[in-house]
Amino acid sequence: MDSGPEQRPDVESQPEPVPKEEPLSAYGNPKTYSVWGKTYQVMESAAGYEEEGLASWYGEPFHGRNTSNGEIYDMYALTGAHRTLPIPTYVEVTNLSNGRSVVLRINDRGPFVEPRVRIIDVSFAAAERLGMIGPGTAPVTVRALEPWQSRLP
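As a starting point, this report considers the structure included with it. Predicted model, so just to flag it, every value in this text is computed and none were measured.

**A word on the overall build of the protein chain**
No. 1: Looking only at helices and strands, the protein chain features one helix and eight strands.
No. 2: Taken over 153 residues, the protein chain has a buried fraction of 48%.
No. 3: If you sum the accessible surface of the protein chain, you get close to 7600 Å²; carbon and sulfur atoms cover 49% of it.

**Examining the packing of aromatic side chains**
No. 1: Enumeration over the complete set of coordinates arrives at seven aromatic pairs.
No. 2: Geometry around Y40 places K38 over its ring, the cationic atom sitting 5.5 Å from the centre.

**What to know about unusual backbone geometry**
No. 1: A cis amide bond links I87 to the next residue, P88, at an omega of -5°.
No. 2: Going from G110 to P111, the amide bond is cis rather than trans, its omega being -5°.
No. 3: Looking at where P111 falls in the secondary structure, it is placed in the loop between β6 (101-108) and β7 (118-123).

**As for the side chain of S123**
No. 1: Inspection of the secondary structure puts S123 in strand β7.
No. 2: Under the relative-accessibility criterion, S123 is labelled buried at 0%.
No. 3: The residues contacting S123, other than those within four sequence positions of it, are W57, Y58, Y73, D74, M75, A77, L78 and T79.

**Some details on the sheet that holds β6**
No. 1: The strand order around the closed barrel built from six strands is β3-β7-β4-β6-β5-β8, with neighbouring strands paired in mixed fashion. Put simply, the sheet's adjacent strands are angled 45° from each other on average, direction ignored.
No. 2: Alignment of strand β4 (residues 79-81) against β7, held across two bridges, turns out to be antiparallel. Its bridge partner lying in β7, A81 is registered against D121.

Definitions and limits used
- Residues numbered from 1 in each chain as written.
- Predicted model: local features only at pLDDT ≥ 70, side-chain atom pairs only at ≥ 80, totals over all residues.
- Heavy atoms only, no water.
- Helix = DSSP H or I, 4+ residues; strand = E, 2+ residues; numbered from the N terminus.
- Buried < 20%, exposed > 50% of the residue type's maximum accessible area, 1.4 Å probe, protein only.
- Areas by Shrake-Rupley, 256 points an atom, 1.4 Å probe, with all protein chains shown as cover.
- Phe/Tyr/Trp six-rings, centres within 6.5 Å; stacked < 30°, edge-to-face > 60°.
- Lys NZ or Arg CZ within 6 Å of the ring centre and 35° of its normal.
- Contact = heavy atoms within 4.5 Å.
- Pairing = 2+ DSSP bridges.
- Axes fitted to C-alpha atoms, helices over the stretch in contact; angles between N-to-C directions.

Structure below.
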């Protein structure tokens, strides 16, 4: 399981990202990429994307490191990692166990842990808001929000 900060900051007051038009990341959106012998194909568009599955979260070990699109990972920001959605994509993640939802900006790739039943990794702040820090995972619905980009650069 991942780790968060020793002292938990107030993440409830952090505003959620507002979906806006952004250019797609040239670095974060190769047509295909491989991790641990498995090849993934990045989606050309997030339009209509909705999926149920398992979410996990990531924190301390990745805090301050580069994300897949070259941004610095901030575990206190409302962001997430997805294997195939275009970067950036704004998504609404809903914890099916408790009904809590949060809007995230996808800026990283993952999760890549085995088994590959996890569909999204969320930041520490997002996990806190979703009420999934303790268990480490939660059943979720992930839904892409407008505006989405329709073509990769």
